[in-house]
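So you can see what is in the structure, the chains are spelled out below.
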Amino acid sequence: MVNIFRKGGVDFYEISVRIEFVKIVLSGPPGSGKGTQAEILSAQLDYAHFSTGNIFRDHIARKTPIGLQAQKYINNGKLVPDAVTLELTKDLLIHNLKPGIIFDGFPRTIGQALGLDKILEEWNDKISLVIFVELSTSEIIKRLTARRTCLTCNAIYNLDFKPPRKSGVCDICGDKIYQRSDDTEPVIKQRIEVYENQTKELKTYYKKSQMVYEIDGILGKDGVLKEILKLIKKYKI
Ligand code: ADP
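Residues numbered from 1 in each chain as written. Predicted model: local features only at pLDDT ≥ 70, side-chain atom pairs only at ≥ 80, totals over all residues. Heavy atoms only, no water.

Draft legend 1. Inspection of the pattern of salt bridges at higher detail. Across all of its chains, the model carries 14 salt bridges by this definition. A salt bridge links Lys142 to Glu139, with the shortest nitrogen-to-oxygen separation between them at 3.7 Å. Taken as a pair, Lys142 and Glu139 lie in helix α6 (residues 137-145) at a separation of three residues, close to a single helical turn. Between Lys230 and Glu227 there is a salt bridge whose closest N-O contact spans 3.2 Å. With Lys230 and Glu227 both in helix α9 (residues 220-234) and three residues apart, this pair spans about one turn of that helix. In this structure Lys230 comes out as partly exposed when scored by relative accessible area, which is 48%. Overall, Glu227 belongs to the partly exposed group, its relative accessible area being 28%. (Salt bridge = Lys/Arg side-chain N within 4 Å of Asp/Glu carboxyl O. Helix = DSSP H or I, 4+ residues; strand = E, 2+ residues; numbered from the N terminus. Buried < 20%, exposed > 50% of the residue type's maximum accessible area, 1.4 Å probe, protein only.)

Okay, structure coming up:
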């Protein structure tokens, strides 16, 4: 693709060459462990980890225009508008140099799924695999109220089963760990409702045309990882 832009009275030509790469969508309710899985898989396979939630939190911390817009939705457990999210996606897909991308928490609505498919279709491309990690509401609330996140590197902890070695400090980068403002019970309940109403329809959408698999999140970190790796191997992607 060639983009031409003019700067200081001079024409610049930006040429981007797109290479084939694996595209895995990891979906599931909040707290199902999809973020943890995406983090491990991207490190093991050298894939890009595209977490819209992490990107929005980064924008919020830097007080960018996207961050200021996203903050009010996130703090109320609502979804950030599709147009904002899709803009980030296009940028990522154009510039990706890794052999694969794990989409974590994206797409979350039919609009986002259609938007992603449309971008990929322009390159004669499509999603390789869609995985839903499922979990019951009571387990979600239990996990999320005990979840803590690193301010800097986004590492995820759980006060019940994976506490940091030193209280309040990230094992990996040494910065502070904190409780996300949307990991409180009223906001968690709102996020679960949003998931039930919007994200679940995605399964029906993807079942029509893509490879969709469901994994029980109660299997825990290692169990879920094993299942995902089996699927990746099975489809040689
Ligand atoms: P979780 O899956 O635990 O809810 P995320 O970090 O994926 O955590 O998302 C946190 C919040 O960020 C969501 O509740 C929503 O407000 C916003 N968000 C993340 N991804 C998207 C998306 N694809 N579309 C719209 N909003 C999103």
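Draft legend 2. Spotlight on the packing of helix α5 (residues 110-121) against helix α8 (residues 201-209). For the pair α5 and α8, the least separation of the axes is 9 Å and the interaxial angle reads 30°. Put simply, α5 runs roughly parallel to α8. Between α5, through Ile110, Ala113, Leu114, Leu116 and Asp117, and α8, the contact on the second element is made entirely by Glu201, Leu202, Tyr205 and Tyr206. Classifying every residue of the contact of α5 with α8 by side-chain character gives seven nonpolar, no polar and two charged. (Axes fitted to C-alpha atoms, helices over the stretch in contact; angles between N-to-C directions. Parallel < 35°, antiparallel > 145°, perpendicular 65-115°, else oblique. Contact = heavy atoms within 4.5 Å. Nonpolar A, V, L, I, M, F, W, Y, C, P; charged D, E, K, R; others polar.)

Draft legend 3. Region of interest: α5. The terminal C-alpha atoms of α5 lie 16 Å apart, and with twelve residues this matches the ideal 16 Å at 1.5 Å per residue to within 8%. Of all the residues in α5, the buried ones are Gln112, Ala113, Gly115, Leu116, Asp117, Ile119 and Leu120. (Expected span 1.5 Å × (residues − 1).)

Draft legend 4. Geometry of the site of the ligand. Around the ligand sit 20 residues in total, of which Lys34, Thr52, Lys78, Gln112 and Arg191 are the nearest. In the model, an oxygen atom of the ligand is placed 2.5 Å from a nitrogen or oxygen of the Lys78 main chain. Contact distances for the ligand include 3.0 Å between an oxygen atom and a side-chain N or O atom of Arg108. When the free accessible area of the ligand is taken as 540 Å², the share hidden by the protein chains comes to 97%. No other element matches helix α2 (residues 52-61), which puts four residues into the shell around the ligand. When grouped by side-chain class, the residues that make up the shell around the ligand number six nonpolar, six polar and eight charged. (Near = heavy atom within 4 Å. Polar contact = N/O pair within 3.5 Å; in protein donor to acceptor, adjacent residues only side chain to side chain. Areas by Shrake-Rupley, 256 points an atom, 1.4 Å probe, with all protein chains shown as cover.)

Draft legend 5. Just a nonpolar patch on the surface, in detail. On the surface, Phe5, Val10 and Phe12 cluster together to form a nonpolar patch covering roughly 260 Å² of accessible area. Here Val10 is to be found in strand β2 (residues 10-15). Note on Val10: relative accessible area 43%, which makes it partly exposed. (Patch = residues over 30% accessible without salt bridge, like charges linked within 9 Å, V, L, I, M, F, W, Y side chains within 5 Å.)

Draft legend 6. Summary view of the packing of helix α1 (residues 34-45) against α9. Two elements in contact, α1 and α9, have axes whose closest approach is 10 Å; the angle formed by their N-to-C orientations is 50°. The angle between α1 and α9 places the two elements in the oblique class. As α1 packs across α9, the resulting crossing turns out to be right-handed. From α1, Thr36, Gln37, Ile40, Leu41, Gln44 and Leu45 reach across to α9, where they touch Gly220, Lys221, Val224, Leu225, Ile228, Leu229 and Ile232. Broken down by class, the residue content of the contact of α1 with α9 amounts to eight nonpolar, four polar and one charged. (Left-handed = near helix turned anticlockwise from the far one by under 90°.)

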